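One letter stands for each residue in the lines below.
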Amino acid sequence: GVIQGGAERLLRVVVTQAMADGDDGFTLPATDRVDLVSTALDVGASSFSAPGTLRDALAEHLLAAHATVGVSAADTPAAGDERVQDLEQRADTIDTSP
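We now turn to the structure provided with this report. (Residues numbered from 1 in each chain as written. Predicted model: local features only at pLDDT ≥ 70, side-chain atom pairs only at ≥ 80, totals over all residues. Heavy atoms only, no water.)

## Re the overall build of the protein
So, point 1. Within the protein one finds two helices and zero strands.
So, point 2. Within the protein, the fraction of its 98 residues that count as buried is 8%.
So, point 3. The contacts in the protein between residues at least 6 apart in sequence include a share of 2% that link residues at least 24 apart.
So, point 4. As displayed, the protein offers around 8,700 Å² of accessible surface, 57% of which is attributable to carbon and sulfur atoms. (Helix = DSSP H or I, 4+ residues; strand = E, 2+ residues; numbered from the N terminus. Buried < 20%, exposed > 50% of the residue type's maximum accessible area, 1.4 Å probe, protein only. Contact = heavy atoms within 4.5 Å. Areas by Shrake-Rupley, 256 points an atom, 1.4 Å probe, with all protein chains shown as cover.)

## As for the side chain of D81
So, point 1. Mapping D81 onto the fold places it in the segment after α2 (54–66).
So, point 2. Overall, the relative accessible area of 12% leaves D81 in the buried class.

## A few points about the environment of D24
So, point 1. For D24, the position within the fold is in the loop between α1 (17–20) and α2.
So, point 2. Not counting residues within four places of it along the chain, the set of residues in contact with D24 comprises A18 and M19.
So, point 3. Polar contacts involving the side chain of D24 include one to the main-chain amide nitrogen of F26, which spans 3.1 Å. (Polar contact = N/O pair within 3.5 Å; in protein donor to acceptor, adjacent residues only side chain to side chain.)

## Quick look at the side chain of D56
So, point 1. The topology assignment puts D56 in helix α2.
So, point 2. With residues up to four places along the chain from it excluded, the contact list for D56 reads V43, S46, S49, A50 and P51.

## What to know about a nonpolar patch on the surface
So, point 1. Taken together, the side chains of L11, V13, V15, M19 and L28 make up a nonpolar region of the molecular surface, amounting to roughly 450 Å² of accessible area.
So, point 2. Its location among the elements puts L11 in the segment before α1. (Patch = residues over 30% accessible without salt bridge, like charges linked within 9 Å, V, L, I, M, F, W, Y side chains within 5 Å. Salt bridge = Lys/Arg side-chain N within 4 Å of Asp/Glu carboxyl O.)

Next up, the structure:
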């Protein structure tokens, strides 16, 4: 790979609290650490989860990046679903061995 931008640049990362605390065996510098769970945050556009939680961060990102896309197609009925097969709804099309 090739380093993009300056090698001296600062990066901001978001990790779970367990990772920030070193529970995974890696140490992160405590410099400028912001614990979002204990910080008074705006509720934001998503009310999916408490502000500052990992789920809230994902929900806020998805709303910001995909708010205009939405889901307008109806879910595939179980009888036609080729990915997850409910064998009470349809015949098995993956394992056709006798």
